[in-house]
Amino acid sequence: MIVNPNSMTPIYIQIAEWLETQILNEAIHSDEKIYSQYQLAEMYNINPATAAKGLNLLADQNVLYKKRGLGMFVSKDARHIILNKRKNEKLQSMVKDVTKEAVQLGVGVEELIVMIRKMHSEAKGGNQ
Amino acid sequence: MNVVEFTNVSKKYGKSNAVSKLSFTLAENKITGLIGRNGAGKTTLLKMMAGYVKPSSGNITVFSKDPFDNLQVSANRIFIDHQMSFSPLLTLKELLITAGRFYANWDSELAWRLFDYFSLNPDQNHAQLSKGMKSTFNMIIGLAAHCPLTIFDEPTSGMDAAVRKDFYRALLKDYLNHPRTIILSSHLVSEIEDLLEDILLINDGEKYLHLSVEELREYAVGVSGNASAIKELAQQHSLIHQKDMGSGRMYAVMKTEGAAKQALDQTRKLGLELTPVAVDDLCMHVTSKSQGGIDSVFN
């Protein structure tokens, strides 16, 4: 993507991300049927072709697999794929943004690490 | 299968061209938005599609037939606009019953549910309705007819924001239940873009572009920052719009095509900021007569 994803993520990617989160949260399990393009269109008030694009994106990444005539299902290692992808792409780019901002503000590496350490322990504590 | 095919279609009113050399096709069961400025030729295009107006030259087929004066085409399409005339002798209730006799796929239950939801009075006359209420009633007919080709020309004119929102949702839900070819023209791109699959943008009677909404969202990119850096960049890219932001800064909208995409990616290193361009802004910029917009009048 060439645009800054924070400002205006395309809808089909938002759909794909939402589905990924559903899988990560185990709202939908492996080998379970995922929402159809029509269900997503109705839920999000969008054209079904846009919803299909989100589903196909995940199918291309092997998060979902197609069963002819039955629709799309969550693949066995979907969680693994999603976690890896988020680590490598989303987290990386967020770290990049944070680092850039820190450089602009003249915040040093050490100071940044202290901040991250603090946030990390806070976030971990919040989850328990 | 293509439901609608326009090949080199022109329409002249007197000496002026309303539509010129327009070619496009509409595939079956898609929702297409017809976007254009006032006077761009939207209504003329839709009226030719409906078979109300004969083109001056070129070829039109709807369901593989010439739509002009064609019974089979007119039975399979419905054209909804704010000028629809209904018999002044019939009440709204009688109009709905009559409409049901005209259209083979008429969904009477949907018609009455919508009628009640929008609190229309069955004993009223169409001519007595307010502009917004007229549009609402026409929209109900357009939806309930379930025509294989459903044409809406500015269906929301006069409707308040709440009714427009309800209409878009009703249109989508009914489309999901009964997929069919729908084309609607509107000025309010931002309100309908999520609903659409494709956008047909016309300008001065000519086709400007016909793309999926998703492609349009990535068609152009906004660049802001140092003016001289942007001007340099603009030499390699098609410039769509530019605006001076003062103190040596400017904002420009450029086309993101092929190889140019990578060059644009480099711009972040030059300290230029890239922002996505909303579809309605893009439609406005590309159909603008001058690159500076209204500001250029005051300079």
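- Named according to an unreviewed UniProt entry, chain B is ABC-2 type transport system ATP-binding protein originating from Fictibacillus solisalsi.

- Looking up chain A in an unreviewed UniProt entry gives the name DNA-binding transcriptional regulator YhcF, GntR family, with the organism given as Fictibacillus solisalsi.

## Points about the overall build of chain A
- Helix and strand counts for chain A stand at five helices and two strands.
- Sequence-ordered secondary structure for chain A, helices as α and strands as β, is α-α-α-β-β-α-α.
- Rg of the C-alpha trace for chain A: 18 Å, well past the compact-globule value of 14 Å for 128 residues, more than 25% over.
- Counting only C-alpha atoms and orienting by the principal axes, one finds that chain A spans roughly 55 × 30 × 25 Å.
- Relative to its 128 residues, chain A shows a buried fraction of 30%.

## Quick word on a nonpolar patch on the surface
- A cluster of nonpolar side chains, namely B:Ile294, B:Val297 and B:Phe298, defines an oily patch on the protein surface of about 380 Å² accessible area.
- Mapped onto the elements, B:Val297 comes out in the segment after helix 11 (279-286).

## Topic: the domain arrangement of chain A
- If you check the domain split of chain A, you get domain 1 (11-78) and domain 2 (87-127).
- Of note, the centres of domain 1 of chain A and domain 2 of chain A, computed from C-alpha atoms alone, are 31 Å apart.

## Things to note about the domain arrangement of chain B
- On domain assignment, one finds that chain B holds domain 1 (2-215) and domain 2 (220-276).
- Each of domain 1 of chain B and domain 2 of chain B has a C-alpha centre, and the two are 38 Å apart.

## Observations regarding the sheet that holds strand 5 (residues 77-80) of chain B
Residues and elements named next belong to chain B.
- If you trace the six strands from one edge of the open sheet to the other, you get 5-6-7-3-8-9, paired in mixed fashion. Of all strands in the sheet, those bounded by a partner on one side alone are strand 5 and strand 9 (206-212). The sheet shows a mean angle of 15° between the axes of neighbouring strands, taken without regard to direction.
- Sheet topology note: the strand 3 (residues 31-35)/strand 8 (residues 198-203) ladder contains four bridges and is parallel.

## Observations regarding the UniProt feature "domain: HTH gntR-type" (unreviewed entry) in chain A
- Annotation from UniProt places "domain: HTH gntR-type" (unreviewed entry) at residues 9-77 of chain A.
- Structurally, residues 9-77 of chain A is divided into 51% helix and 12% strand, and its ends, taken at the C-alpha atoms, are 26 Å apart.

## Observations concerning helix 6 (residues 161-177) of chain B
- Between its first and last C-alpha, helix 6 of chain B extends 25 Å over 17 residues, near the 24 Å set by a 1.5 Å rise per residue.
- Where helix 6 of chain B begins, the capping side chain belongs to B:Asp160, and its oxygen is found 3.1 Å from the backbone nitrogen of B:Ala162.

## Let's talk about the nonpolar core
Residues and elements named next belong to chain B.
- Ranked by internal contacts, the top residues of the largest apolar core, which has 57 residues, are Trp106, Phe137 and Ile199.
- Here the element with the most residues in this core is helix 6; it accounts for eight residues.
- Residues lining this core come from more than one domain, with at least three contributed by each of domain 1 (2-215) and domain 2 (220-276).
- Apart from residues lying up to four places away in sequence, phenylalanine 137 is in contact with Phe86, Leu92, Leu95, Leu96, Phe115, Leu120, His126 and Leu129.

## Details of the packing of aromatic side chains
- One pass over the structure, following the stated rule, counts twelve aromatic pairs over all chains.
- Considering the side-chain rings of B:Phe6 and B:Phe24, the 4.7 Å spacing of their centres and the 25° angle between planes classify their relative orientation as stacked. Of this pair, B:Phe6 sits in strand 1 (residues 2-13) while B:Phe24 sits in strand 2 (residues 16-27), and the two are 18 residues apart along the sequence. B:Phe24 matches B:Phe6 in its accessibility class, with the two residues each being buried.
- The interplanar angle of 85° and the centroid separation of 5.3 Å between the aromatic rings of B:Tyr52 and B:Phe79 together place this pair among those described as edge-to-face. Here B:Tyr52, found in the loop between helix 1 (42-50) and strand 4 (57-62), pairs with B:Phe79, found in strand 5; they are 27 residues apart in sequence, far enough to count as distant.
- Of the residues examined, B:Phe79 reaches a relative accessible area of 5% and is grouped as buried.
- Taken together, the ring pairs connect B:Phe86, B:Trp112, B:Phe115 and B:Phe137 into an aromatic cluster.
- In this structure, A:Lys67 is placed above the aromatic ring of A:Phe73, and the distance from its NZ or CZ to the ring centre is 4.4 Å.

So, how was this worked out
Residues numbered from 1 in each chain as written. Chains lettered and ligands numbered in written order. Predicted model: local features only at pLDDT ≥ 70, side-chain atom pairs only at ≥ 80, totals over all residues. Heavy atoms only, no water. Helix = DSSP H or I, 4+ residues; strand = E, 2+ residues; numbered from the N terminus. Rg over C-alpha atoms; globule rule 2.2 N^0.38 Å. Buried < 20%, exposed > 50% of the residue type's maximum accessible area, 1.4 Å probe, protein only. Patch = residues over 30% accessible without salt bridge, like charges linked within 9 Å, V, L, I, M, F, W, Y side chains within 5 Å. Areas by Shrake-Rupley, 256 points an atom, 1.4 Å probe, with all protein chains shown as cover. Salt bridge = Lys/Arg side-chain N within 4 Å of Asp/Glu carboxyl O. Domains from an automatic or database assignment. Pairing = 2+ DSSP bridges. Axes fitted to C-alpha atoms, helices over the stretch in contact; angles between N-to-C directions. UniProt positions renumbered as here; feature names shortened; annotations may be inferred. Expected span 1.5 Å × (residues − 1). Polar contact = N/O pair within 3.5 Å; in protein donor to acceptor, adjacent residues only side chain to side chain. Core = buried A, V, L, I, M, F, W, Y, C linked by side-chain atoms within 4.5 Å. Contact = heavy atoms within 4.5 Å. Phe/Tyr/Trp six-rings, centres within 6.5 Å; stacked < 30°, edge-to-face > 60°. Lys NZ or Arg CZ within 6 Å of the ring centre and 35° of its normal.

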